[in-house]
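Tertiary structure, described
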Amino acid sequence: MSRFISPSTAALKPYTPGEQPRVTQYIKLNTNESPYPPSPRVREAIDALAYEDLRLYPDPDVTGLRDAIAAARGISQERVFVGGGSDEILGYAFMAFFERGDTVVFPDVTYGFYPVHAQVCGLEVRTLPLRGDFSLEPSDYYGAPGHIVLANPNAPTGIALPPARLEDILRANPDRLIIVDEAYTDFSPQNTARPLLDLYDNLLITRTFSKAYGLAGMRIGCALGEPGLISALNCVKYAFNPYNLDRVSIAVGTAAVSDTDYLQRTVDMILATRDWFVPELEAMGFSVLPSAANFVFVRHATLKGAYIYDKLRENGILVRIFAYPERISDHLRVSIGTDGDMRRVTDILKSIVK
Ligand SMILES: *Cc1c(COP(=O)(O)O)cnc(C)c1O
């Protein structure tokens, strides 16, 4: 450790991303990437990029991509912010809206990045436990002791909160900002908080191109909210990294968001795979939480999660296991791959549990 590291950085517990193996022989089901490539329009957009233009800075306002997202979501462009993945946007949001010493509230089982952003910003964290079945009880959040961050569908559980229940939380906290992380909403569009944007000024939605759009290898995300919230995000962005999206990302994101048919087709394929995979798991003695996303969160009736994890890994299959919190340490999160991937996983699991 350098003697120049600041005490607060030395104390920081950073986020641990899922393993990204350097060899490709794994069936990779540990970070919820799409098993399908992005839209063919993305390839066309990359081919059409003028290589000489890379000497020029990109558009700092990212107007083209923001327009495309606004058109796809049926909202005006001043309600759209784009960033280098939703992780970056969540970081900007924590900086823009929360002051050192403020309290931020989220469930005990949720996306592991929220406590990290909270620590970076010097916030107090209040975690509210999900119920025994990992469902979220909205009334736990009424009159919350701070601003609220919710992933919906939640990760790593995959469980979605219906928008009417989310609305109850918004209504019960008019003076709190509610950040809804919709990384997986493309897999259950009926659960999006998008219609509530027109009614509540305390709602900020974040989205990503990393999951359903098959673009985790680019870094593209967006936030939707009332124009005042978007200007605050821009204030942080222009204080930090004005050109936060490069020319390639802008072109690729714009092409991807325009191809709604392709998005629908790939999402439908993933959901169809999930639909046959879940009963296979249940037949093998796994309990499977009801998933509204492109992954399932499972626990075996008798075998330890770590044992199954190791056996899968020996057989070239990577899934995700979480040490914390304790209550999920025996669960595994398995991303949904192609039919072929999941047939292979099913066969291996059968040999492990037999
Ligand atoms: C994957 C994921 C993200 C991160 O998305 P990026 O846009 O790739 O940064 C954010 N939130 C949740 C809940 C996720 O699962």
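Owing to the predicted nature of the structure, the values given are computational and were not obtained by experimental measurement. The numbering scheme is per chain: residues are counted from 1 as the chain's sequence reads. Local features in this predicted model are restricted to residues of pLDDT 70 or higher, and side-chain atom pairs are both shown and tallied only at a pLDDT of 80 or more, whereas totals for entire chains, interfaces and linings draw on every residue. Only hydrogens and water are set aside; all other atoms, that is, all heavy atoms of the structure, feed into the side-chain values.

A short note on the overall build of the chain
The helix count covers DSSP runs of H or I at least four residues long, the strand count covers runs of E at least two residues long, and both are numbered beginning at the N terminus. Along the backbone of the chain there are eleven helices and 13 strands. Our radius of gyration looks at C-alpha atoms and nothing else; its globule reference is 2.2 Å times the residue count to the power 0.38. Relative to its length of 354 residues, the chain is compact, with a C-alpha radius of gyration of 20 Å against a globular reference of 20 Å. Overall, the chain is about 55 × 50 × 50 Å in size when its C-alpha atoms are taken along their principal axes. Relative to its 354 residues, the chain shows a buried fraction of 52%. Considering only residue pairs separated by 6 or more positions, the chain has 73% of its internal contacts joining residues 24 or more positions apart. Of the roughly 16,200 Å² of accessible surface on the chain, a fraction of 53% belongs to carbon and sulfur atoms. In this scheme, a residue with accessible area under 20% of its type's maximum is buried, one over 50% is exposed, and one in between is partly exposed, where area comes from a 1.4 Å probe on protein chains only. The contact criterion used throughout is that any non-hydrogen atoms of two residues lie within 4.5 Å. To measure how exposed things are, a 1.4 Å probe is used in the Shrake-Rupley method; for residues, cover is taken only from the protein chains shown.

Some points on the environment of Ala-292
Along the polypeptide, Ala-292 turns up in the loop between strand S9 (286-288) and strand S10 (295-300). Setting aside anything within four residues of it in sequence, one finds Ala-292 in contact with Pro-153, Gly-158, Ala-160, Tyr-184, Phe-187, Ser-188, Asn-191 and Arg-274.

Side note on the pairing of strand S13 (residues 332-335)
Here S13 shows a buried face lined by Leu-332 and Val-334 and a second buried face lined by Arg-333 and Ser-335. For two strands to count as paired, DSSP must find a minimum of two bridges between them. Two elements, S10 and S13, share four bridges in a ladder whose sense is antiparallel. Bridge pairing in S13 links Phe-297 to Arg-333. Here two bridges tie strand S12 (residues 320-321) to S13, and the two strands are oriented antiparallel to one another. In the sheet register, Ile-321 faces S13, and the bridge partner there is Leu-332.

Some words on unusual backbone geometry
In the segment running from Asn-152 into Pro-153, the intervening peptide bond is cis, with an omega of -5°. When you line up the elements, Pro-153 lands in the loop between strand S5 (147-151) and helix H6 (163-171). Going from Tyr-324 to Pro-325, the amide bond is cis rather than trans, its omega being -15°. Along the chain, Pro-325 falls in the loop between S12 and S13.

With respect to the pattern of salt bridges
Salt bridges are defined as contacts in which a side-chain nitrogen from Lys or Arg sits within 4 Å of a carboxyl oxygen from Asp or Glu. Evaluation of the coordinates by the stated rule reveals 15 salt bridges. Arg-313 is the salt-bridge partner of Glu-19, the closest N and O atoms lying 2.6 Å from each other. Of this pair, Glu-19 sits in the loop between helix H1 (7-10) and strand S1 (27-28) while Arg-313 is found in helix H10 (residues 305-314), placing the two residues 294 residues apart along the sequence. Take Glu-19: its relative accessible area is 32%, and that puts it in the partly exposed class.

Comments concerning the sheet that holds S10
Strand order across the open sheet formed by four strands is S9-S10-S13-S12, with antiparallel pairing between neighbours. Taken across any chain shown, the strands that pair with only one partner, and hence form the sheet edges, are S9 and S12.

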